[in-house]
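As a plain string of letters, each chain reads:
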Amino acid sequence: MNPDDPLLKILACPLDKGPLHLLVQEPEEPGDALYNPRLQRRYPIVDGIPQLLPSSGEQVTEDEHEELLLRITGSTPQTPGITP
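Residues numbered from 1 in each chain as written. Predicted model: local features only at pLDDT ≥ 70, side-chain atom pairs only at ≥ 80, totals over all residues. Heavy atoms only, no water.

Caption draft 1: Spatial organisation of helix 2 (residues 62–73). With twelve residues, helix 2 extends 17 Å from end C-alpha to end C-alpha; this agrees with the ideal 16 Å at 1.5 Å per step. Downstream of helix 2 by a residue or two, glycine 74 has a phi angle that is positive, lying close to 75°. (Helix = DSSP H or I, 4+ residues; strand = E, 2+ residues; numbered from the N terminus. Expected span 1.5 Å × (residues − 1).)

Caption draft 2: Structural detail: the pattern of salt bridges. For the structure on display, the rule yields three salt bridges. A salt bridge links aspartate 16 to arginine 38, with the shortest nitrogen-to-oxygen separation between them at 2.9 Å. Separated by 22 residues along the polypeptide, aspartate 16 in the loop between helix 1 (7–10) and strand 1 (21–23) and arginine 38 in the loop between strand 2 (33–36) and strand 3 (41–46) bring together distant segments of the chain. Accessibility expressed as a relative area gives 31% for aspartate 16, which makes it partly exposed. (Salt bridge = Lys/Arg side-chain N within 4 Å of Asp/Glu carboxyl O. Buried < 20%, exposed > 50% of the residue type's maximum accessible area, 1.4 Å probe, protein only.)

Caption draft 3: Quick peek at unusual backbone geometry. For lysine 17, which is not a glycine, the phi torsion comes out positive at approximately 65°. Tracing the backbone shows lysine 17 in the loop between helix 1 and strand 1. Although it is not a glycine, aspartate 47 adopts a positive phi angle of roughly 50°. Tracing the sequence through the fold places aspartate 47 in the loop between strand 3 and strand 4 (49–50). Looking at aspartate 47, the relative accessible area reads 76%, which means it is exposed.

This is the structure we're talking about:
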């Protein structure tokens, strides 16, 4: 699955029915996934097929959630109280 895939516009989280973000595989990750930042749940993509059953999703840790948000938004982390 690629970021320009029109399927991404219609796929939704099976729990809250909201939009999902594509996470393209990084070298240390097992594969591509779809991510719901509202519920902090990641759904795997296996052989190009999104696994969108509620039981297929995994809860991510708070630290991992922060990292994934940075990847999605493409921004750099900000330290509270310090202005760049």
